[in-house]
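Residue-level listing of the chains:
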Amino acid sequence: MRDVRVRFAPSPTGYLHVGGARTALFNWLFARHQGGKFIIRVEDTDRERSTGEFGRMLLEDLSWLGLDWDEGPGSGGEFGPYYQSERIEGYRREAQRLVGENRAYPCFCTDEELEEKREEQKQTGRPPQYDGTCRGFNERQREEKRKSGLPESIRFLVPAGEEKRIDDIARGEVVFPAGMVGDFVILRSNGLPTYNFAAAVDDASMRITHVIRGAEHLSNTLRQVMIYEALGTGMPRFAHIPLILGEDRTKLSKRHGAPNIRDYRERGYPAAALVNYLAFLGWSSQGDSEILTLEQLAGEFELERVSDSPSIFDEAKLNWISAQHIRAGGAEKYFTGAREYMPPIFLERYAESDLKKIFDVVSENLPCFSLFEQEARSFSPGIPRYGGETREKLAGAQDLLGLFIAGFEAAGELDQASIRRVIKEAGKAGGVKGKDLFLPLRLALTGYEHGPDLTTIISIRGKDEVLASLRRALREIQK
């Protein structure tokens, strides 16, 4: 078996979609598992839609995910350049070689003529394929067409009556019956290659051994197989991985939430959680754990375990996996990343050590850092505002609040032990326990019915602020 060489070939026409990221991840995992090479090739020949900015962000997002590449932009390699826009002459040279070998031919049909033929074929119930008008032209006829100023493209001459088969690693045997496609364009009249031609030429020249891509590309495979054969190069093996659908079982798009990696980065999901989740969209581990690092995934990954059924993108499941990663990593691993999502008032009021304590508390149920403020609201500095509903729930708790105030005033430094002692003594003196003891204290201190452990909240917010909040709550219910 040849040394494994796989590629991810994004088009810089938009952000890195989660489907593209999953494809890049599967290629990376396969290369690392096999001890092979992972190559990035940027397919930027769409001059109207491709931009350098999108290309830069695509590469940034791949790096952020931890998918480093062995060859490609910024890494070099002996099979470059790795931008298709820098390889144009090579495509033209290969196209002319195929013409010289009678495997391709010049076509002078205009767009208007081709559209008329397609409409006629549709009306008569025939498949909309090129009818071969220019296939039999001799050199004299071609020169006459050129002199008349007609646009000249190059079409691949599809062998008649040939069935094609591939052994797809993820889908099993795939059969392409004869007659599925007519002669197709490989070089446009503007001198630019079509997608299928450029991809096949590049795969051949870069010695790609495996093409791992989404199932939506299966329709391109027949044309590329023909081109590989005509070029006389070895055929890569294919693995068409399943589509990713939204929960409504339609193609994943913006309406399903955040369809691209940049969105999830900005919302503060850890890269480790995203790659963990994406790996399980169409692939299954042999172990029981669903929480795996990138290195663990690479150690297990085999294409034979890739499903041929569509995967459903479930953000609730992503949130669960992400929360597991954040909980396990805690402040030691994720505090720096979470810090930029903390409200300014937290950064002004709390010391770094307290911020880390708060993060460790809220990280128990935190799927992404952008939810930090919501999850940490019980720690918000300052005296809470008490709405009418809160005042109603505090009604009748005047005596208990007075006991808390007296207890905290008398206590020295508020550590975990002294806080528990004050709460226990107040409950004993007031004749209350359980919810009747803790809810009034939580409401008075935070304004919320639910939240993290009260002793942690009190120790971090400090004695002065705790007493100020309790006194304010008491005044509110005495009005």
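Throughout what follows, the structure given in this document is the object of discussion. Bear in mind that the values here come from a model prediction, so they are computed numbers and not experimental data.

## Some details on the overall build of the protein
In step 1: A tally of helices and strands in the protein yields 20 helices and 11 strands.
In step 2: Over its C-alpha trace the protein gives a radius of gyration of 32 Å, far above what one expects of a compact globule, namely 23 Å for 479 residues.
In step 3: Along the first, second and third principal axes, the C-alpha set of the protein runs to 110 × 45 × 35 Å.
In step 4: Residues counted as buried form 50% of the 479 residues belonging to the protein.
In step 5: As presented, the protein carries roughly 23000 Å² of accessible surface, and 46% of it is formed by carbon and sulfur atoms.
In step 6: Put simply, the protein has 66 plus and 73 minus side-chain charges, and the middle of one group is 2 Å from the middle of the other.

## Some details on the pattern of salt bridges
In step 1: Counted by the stated rule, this structure contains 44 salt bridges.
In step 2: Note that D202 is salt-bridged to R41, the shortest N-O span being 3.5 Å. A residue pair is termed long-range when its members are at least 10 positions apart, and D202 in helix α6 (residues 195-205) and R41 in the loop between β2 (37-40) and α2 (52-65) qualify at 161 residues. Residues D202 and R41 agree in their burial class; the two are buried.
In step 3: A salt bridge links R237 to D167, with the nearest nitrogen and oxygen atoms 3.1 Å apart. You can see R237 sitting in strand β9 (residues 237-241) and its partner D167 sitting in strand β5 (residues 164-168), a full 70 residues away along the chain.
In step 4: For R237, a relative accessible area of 38% translates into the label partly exposed.
In step 5: One continuous salt-bridge network, built from bridges that share partners, spans R7, R41, E43, R87, D202 and D203.

## What to know about the nonpolar core
Proteins that are soluble and globular tend to have nonpolar side chains buried together.
In step 1: Judged by nonpolar contacts, the single largest core of 50 residues is most densely connected at L25, L29, F38, L67 and F313.
In step 2: Residue contributions to this core peak at 9 residues, all from helix α1 (residues 18-34).
In step 3: Setting aside its immediate chain neighbours within four residues, F313 contacts V18, I244, L245, E247, L252, Y264, Y277, L281 and L318.
In step 4: Counting 47 residues, the second-largest nonpolar core is a separate cluster that includes Y350, L394, I419 and L437.

## A word on the pairing of strand β8 (residues 210-214)
In step 1: Counting buried residues along β8, 5 of its 5 residues qualify, which places the element largely inside the surrounding structure.
In step 2: As paired elements, β8 and β9 share 5 bridges and run parallel to each other. By the bridge assignment for β9, H210 is matched with R237.
In step 3: Of the crossover connections in this fold, the one passing from β8 over helix α7 (residues 218-231) to the parallel β9 is right-handed.

## What about the packing of aromatic side chains?
In step 1: Within this structure, the stated rule accounts for 15 aromatic pairs.
In step 2: Among the aromatic side chains, those forming a connected cluster through ring pairs are Y334, F335, Y341, F359 and F369.
In step 3: One Lys or Arg, R155, reaches over the ring of Y130 and ends 3.7 Å from the middle of that ring.

## Thoughts on the packing of helix α16 (residues 398-410) against helix α18 (residues 435-446)
Axis angle and axis distance: for two packed helices, these are the angle between their axes and the distance between the axes, and together they describe the pair.
In step 1: Across the interface, α16 lies against α18 with an axial gap of 10 Å and an inter-helix angle of 75 degrees. Overall, the two elements α16 and α18 adopt an arrangement that is roughly perpendicular. Residues L400, L401, F404 and F408 of α16 pack against D436, L437, P440, L441 and A444 of α18.
In step 2: Grouping the amino acids of the contact of α16 with α18 by side-chain chemistry returns 8 nonpolar, no polar and 1 charged.

## Things to note about unusual backbone geometry
In step 1: The residue after G80, namely P81, is reached through a cis peptide bond having omega 0 degrees.
In step 2: Although it is not a glycine, R207 sits at a positive phi angle of roughly 60 degrees.
In step 3: Given the relative accessible area of 51%, R207 is considered exposed.
In step 4: For R249, which is not a glycine, the phi torsion comes out positive at approximately 65 degrees.
In step 5: Note on placement: R249 falls in the loop between β10 (244-245) and α8 (261-266).
In step 6: Of the residues examined, R249 reaches a relative accessible area of 53% and is grouped as exposed.

## What to know about the state of the cysteines
In step 1: Applying the stated rule across the entire model yields 0 disulfides.
In step 2: C134 takes part in no disulfide bond, and the closest cysteine sulfur, belonging to C109, lies 3.7 Å away.
In step 3: On the accessibility criterion, C134 (2% relative accessible area) is buried.

## Let's talk about the sheet that holds strand β4 (residues 153-156)
In step 1: Spatially, β3-β4-β7 is the arrangement adopted by the 3 strands of the open sheet, whose pairing is antiparallel. In this open sheet, the two edge strands, each paired with only one partner strand, are β3 (104-107) and β7 (184-187). For this sheet, the mean inter-axis angle between neighbouring strands, taken without regard to orientation, is 45 degrees.
In step 2: Direction of pairing for β3 relative to β4: antiparallel, over a ladder of 4 bridges.

## Focus: the side chain of N196
In step 1: Position of N196 among the secondary structure elements: in helix α6.
In step 2: The class of N196 is buried, set by a relative accessible area of 10%.
In step 3: Not counting the four nearest positions on each side in its chain, N196 is found in contact with N220, R223, Q224 and I227.

How each quantity is defined
- Residues numbered from 1 in each chain as written.
- Predicted model: local features only at pLDDT ≥ 70, side-chain atom pairs only at ≥ 80, totals over all residues.
- Heavy atoms only, no water.
- Helix = DSSP H or I, 4+ residues; strand = E, 2+ residues; numbered from the N terminus.
- Rg over C-alpha atoms; globule rule 2.2 N^0.38 Å.
- Buried < 20%, exposed > 50% of the residue type's maximum accessible area, 1.4 Å probe, protein only.
- Areas by Shrake-Rupley, 256 points an atom, 1.4 Å probe, with all protein chains shown as cover.
- Lys, Arg positive; Asp, Glu negative; His and termini not counted.
- Charge placed at Lys NZ, Arg CZ, Asp CG, Glu CD.
- Salt bridge = Lys/Arg side-chain N within 4 Å of Asp/Glu carboxyl O.
- Core = buried A, V, L, I, M, F, W, Y, C linked by side-chain atoms within 4.5 Å.
- Contact = heavy atoms within 4.5 Å.
- Pairing = 2+ DSSP bridges.
- Right-handed = clockwise from strand over helix to strand, strands pointing away.
- Phe/Tyr/Trp six-rings, centres within 6.5 Å; stacked < 30°, edge-to-face > 60°.
- Lys NZ or Arg CZ within 6 Å of the ring centre and 35° of its normal.
- Axes fitted to C-alpha atoms, helices over the stretch in contact; angles between N-to-C directions.
- Parallel < 35°, antiparallel > 145°, perpendicular 65-115°, else oblique.
- Nonpolar A, V, L, I, M, F, W, Y, C, P; charged D, E, K, R; others polar.
- Disulfide = S-S within 2.5 Å.

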